[in-house]
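Spelled out from the first residue to the last, the chains are:
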Amino acid sequence: MIRGRTVALTFISMVSLTLVSKFLGFLREMVMANYYGTSYIVDAYVMATAIPGIIFGGIFGAIATAYTPSFSSINEREGKSKSNMFTSQVINLLVIVSLIVILIGIVLSKQITNIFASGFNGETADLTSYFIRITFSYILFSSLTGILDAHMQYKGYYLKPIISGYFQNISIIAVIIVSAYTSHYYLAFGALIGGFLKLTYIIFNVRNTGFNYSFNFSLSEPIRKIFFMALPVFLGSYIIQINSFVDKALASSLPEGSVAALNYGMILITLITGLTVTLLVTFVYPRITKAYTLNNLNEFNLIVEKTTNLIAIITIPFSMGILAFSNEVVQIVYERGEFDSLATKLTASAFFFYGIGLVFFSFNDLLAKVFYSMRNTFAPIVCSGITVIINIILNLILVGPMAHRGLAFATAIASIFNSLFLYVWVRSKYPEVKIIGSFKKILKIFGASFISVSIAFYVNKVLSLTIWMPRFFYLSIAVIIAAVIYIFILKLLRVEEVKMLKTLFQKQ
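Everything numeric in this text was worked out from a predicted model, so none of it was measured. (Residues numbered from 1 in each chain as written. Predicted model: local features only at pLDDT ≥ 70, side-chain atom pairs only at ≥ 80, totals over all residues. Heavy atoms only, no water.)

A. Structural detail: the overall build of the protein chain. Secondary structure summary: the protein chain contains 18 helices and zero strands in total. Against the 2.2 N^0.38 benchmark of 23 Å for 508 residues, the protein chain shows a C-alpha radius of gyration of 24 Å, consistent with a compact globule. Oriented by its inertia axes, the alpha-carbon framework of the protein chain measures out at about 65 × 60 × 40 Å. Within the protein chain, the proportion of its 508 residues that are buried is 53%. A separation threshold of at least 6 residues defines the contact pool for the protein chain, and within that pool the share at least 24 residues apart is 83%. Accessible surface, the protein chain: about 23700 Å² in total, of which carbon and sulfur atoms supply 69%. (Helix = DSSP H or I, 4+ residues; strand = E, 2+ residues; numbered from the N terminus. Rg over C-alpha atoms; globule rule 2.2 N^0.38 Å. Buried < 20%, exposed > 50% of the residue type's maximum accessible area, 1.4 Å probe, protein only. Contact = heavy atoms within 4.5 Å. Areas by Shrake-Rupley, 256 points an atom, 1.4 Å probe, with all protein chains shown as cover.)

B. Just the packing of aromatic side chains, in detail. For the structure on display, the rule yields 20 aromatic pairs. Aromatic pair Phe352 and Phe353: ring centres 5.1 Å apart, planes at 75°, arrangement edge-to-face. Overall, the relative accessible area of 27% leaves Phe352 in the partly exposed class. Taken together, the ring pairs connect Tyr45, Tyr130, Phe131 and Tyr185 into an aromatic cluster. The lysine or arginine in question, Lys369, covers the ring of Tyr285, its NZ or CZ lying 5.7 Å from the ring centre. (Phe/Tyr/Trp six-rings, centres within 6.5 Å; stacked < 30°, edge-to-face > 60°. Lys NZ or Arg CZ within 6 Å of the ring centre and 35° of its normal.)

C. Broad picture of the side chain of Asn460. If you trace the backbone, Asn460 turns up in helix α17 (residues 439-466). Residues in contact with Asn460, not counting those within four places in the same chain, are Phe325, Glu328, Tyr474, Leu475 and Ala478.

D. Highlighting the environment of Thr270. Among the secondary structure elements, Thr270 is positioned in helix α10 (residues 258-274). Taking relative accessible area as the criterion, Thr270 reaches 39% and is therefore assigned partly exposed.

E. Region of interest: the packing of helix α12 (residues 297-334) against helix α18 (residues 471-492). Packing of α12 against α18 leaves a shortest axis separation of 12 Å and a crossing angle of 165°. By the angle between their directions, the pair α12 and α18 is classed as roughly antiparallel. Judged by the sense of rotation from one axis to the other, the crossing of α12 with α18 is right-handed. Within the contact between the two elements, α12 uses Ala312, Ile313, Pro317, Phe325, Glu328, Val329, Gln331 and Ile332 and α18 uses Arg471, Phe472, Leu475, Tyr486 and Leu490. (Axes fitted to C-alpha atoms, helices over the stretch in contact; angles between N-to-C directions. Parallel < 35°, antiparallel > 145°, perpendicular 65-115°, else oblique. Left-handed = near helix turned anticlockwise from the far one by under 90°.)

F. Representation of the environment of Phe339. Within the secondary structure layout, Phe339 lies in the loop between α12 and α13 (341-356). Put simply, Phe339 and Leu398 are 59 residues apart on the chain and 26 Å apart in space, counted from C-alpha to C-alpha. Apart from residues lying up to four places away in sequence, Phe339 is in contact with Tyr264, Val330, Tyr334, Thr344 and Thr347.

G. Geometry of the pattern of salt bridges. Summed over the entire model, instances satisfying the criterion amount to two salt bridges. Glu335 is paired through a salt bridge with Arg471; the nearest N and O atoms lie 3.7 Å apart. Here the residue Glu335 occupies a position in the loop between α12 and α13, and Arg471 occupies one in helix α18, the gap between them amounting to 136 residues. (Salt bridge = Lys/Arg side-chain N within 4 Å of Asp/Glu carboxyl O.)

H. The arrangement of a nonpolar patch on the surface in detail. On the surface, Ile96, Ile100, Leu103, Ile104, Ile106, Val107, Leu108, Tyr213, Phe215 and Phe217 cluster together into a nonpolar patch covering about 970 Å² of accessible area. Take Phe217: it is sitting in the loop between α8 (189-206) and α9 (221-251). (Patch = residues over 30% accessible without salt bridge, like charges linked within 9 Å, V, L, I, M, F, W, Y side chains within 5 Å.)

I. Highlighting the nonpolar core. Of all hydrophobic cores here, the largest spans 62 residues; its most connected members are Tyr67, Phe86, Val90, Phe131, Phe136, Ile147 and Leu187. Residue contributions to this core peak at 15 residues, all from helix α2 (residues 40-78). Apart from residues no more than four positions distant in its own chain, Ile147 is found in contact with Ile63, Ala64, Tyr67, Thr87, Val90, Ile91 and Leu94. One finds Ile303, Val304, Phe363 and Val433 within the second-largest nonpolar core, a separate group that totals 39 residues. (Core = buried A, V, L, I, M, F, W, Y, C linked by side-chain atoms within 4.5 Å.)

J. Structural detail: the environment of Ala482. Among the secondary structure elements, Ala482 is positioned in helix α18. Sequence-wise, Ala482 and Met47 are 435 residues apart; in three dimensions their C-alpha atoms are separated by 43 Å. Residues contacting Ala482, with those up to four places away along its chain left out, are Ser452 and Ala456.

K. Quick peek at α10. End to end, α10 covers 24 Å across 17 residues, agreeing with the expected 24 Å (1.5 Å per residue, within 8%). Along α10, the positions that sit buried rather than exposed are Ser258, Ala261, Leu262, Gly265, Leu268, Ile269, Ile272, Thr273 and Gly274. (Expected span 1.5 Å × (residues − 1).)

L. Focus on the packing of helix α7 (residues 159-181) against α8. Relative orientation of the contacting elements α7 and α8 amounts to 155°, with a least axis distance of 8 Å. In terms of their interaxial angle, α7 and α8 are classed as roughly antiparallel. The chirality of how α7 crosses α8 is right-handed. On α8, the residues touching Lys160, Pro161, Ile163, Ser164, Gly165, Phe167, Gln168, Ser171, Ile172 and Val175 of α7 are Phe189, Gly190, Ala191, Ile193, Gly194, Leu197, Lys198, Tyr201, Ile202 and Asn205. Looking at the contact of α7 with α8 residue by residue, the class counts come to 11 nonpolar, seven polar and two charged. (Nonpolar A, V, L, I, M, F, W, Y, C, P; charged D, E, K, R; others polar.)

M. Main features of the confidence of the model for the protein chain. The predicted model of the protein chain has a mean per-residue pLDDT of 85, with 93% of residues at 70 or higher. When pLDDT is averaged over each helix and strand of the protein chain, the minimum, 72, is found for α9 and the maximum, 94, for helix α16 (residues 404-429). Below a pLDDT of 50 lies the segment residues 1-5, which in the model reaches 16 contacts outside its immediate sequence neighbourhood of four places, other chains included. (pLDDT = per-residue confidence, 0-100.)

N. Summary view of unusual backbone geometry. At Arg375, a position not held by glycine, the phi torsion is positive, near 65°. Along the polypeptide, Arg375 turns up in the loop between α14 (358-373) and α15 (378-402). Accessibility expressed as a relative area gives 27% for Arg375, which makes it partly exposed. Of note, the phi angle at Arg494 is positive, near 60°, even though the residue is not glycine. Summarising the element assignment, Arg494 is placed in the segment after α18.

This is the structure:
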């Protein structure tokens, strides 16, 4: 548990551990490419590992999201014994559901392959069907890990769930290598072994939170309520998938490389948010849930307001930086081998327009968690549904004149609308809740970001015209100078969050 650590230290630790996780994931893909290339084996493996998540992953993820506010209510009002009983009931029910799902996957693997991989035939289809019988078994481990991760995060253990992911990646890498020298039929066992080790590690550590498992399968009122709360979250995840599918469908009719450019551009966006805002919101969610449960509105508002300011401090300069350096970033990250200057141009233009929506992508994540913490899972799905309609309309309008850039721009505009809808909803439904404490402070952050990014743009341009260096160093020097200036301006403008506030959240 966090005792005496500042939020800054915990957050830095989370970022560092997540970086290692990202590296292991990248290494996993490199090892797979090295031993199997782009063979039919990889096609079968990728499809078989994706299908269980497509069908059922959203369900278990939604339950994990809905678990936190329900657990908080029981834990704070009825005590540890009752909350442990509740957690055990959720776990036991998930075991039953997971076993049913696994049985479906094993018995109907061929039919599932025919539906979700209809383009596969012969040996590829047979191998996919075989892999599915293995990968569906992973659902048992992933569903239980999701609940225990949420439990540990509520109790203040944020680092162990990140570390647990290492076991999965390392296991997959090891099995890829072993299978390459023995039989490719062993390939899918990597995720299964990794899932088992990940769950074992979490079970070993969850005992430190005071959790005691009990063999109780009763469907109590809280258990029924959690599934009722999870349904809108689950539907919301599928709405997002529909939106993504429409984008890809429209992009598929554009010139070659358009789908890939959108994918590569969004990967960069998710990398930025995944190492910053996602971790921050993960850290905040259990705390605002607990504050709301205890009816501590002052603490709730303080945490949400400070988090909003931190998101602004992080994402506004990143967004402006993308607008200024989209081409340079894509060159540095991707341009090598078959990824030529044309691919850079296509990807950079998608990255540019996605960058416009970066602030709002992040803000939406926080606002959704605010609603979830207040046990309102209905509002986010309604706003998402309306936003998807707006996005599709904008796609149809912009895809003609702007090609794939129009699809990225439509996504950015739609995210802005989603933020507005959620913000207006929370202000009208919960007027006592404060999301933005000071618009003046947001303007200060915007001004500091504009000045620092403008200086970075000028420095990068001057360096590239006067001194020869690898392009990575041009951008790195410009960014470091901009960061120093940015922090200095924020301090000068008395934006206190930049000081890594000890009062950001109360220590436990």
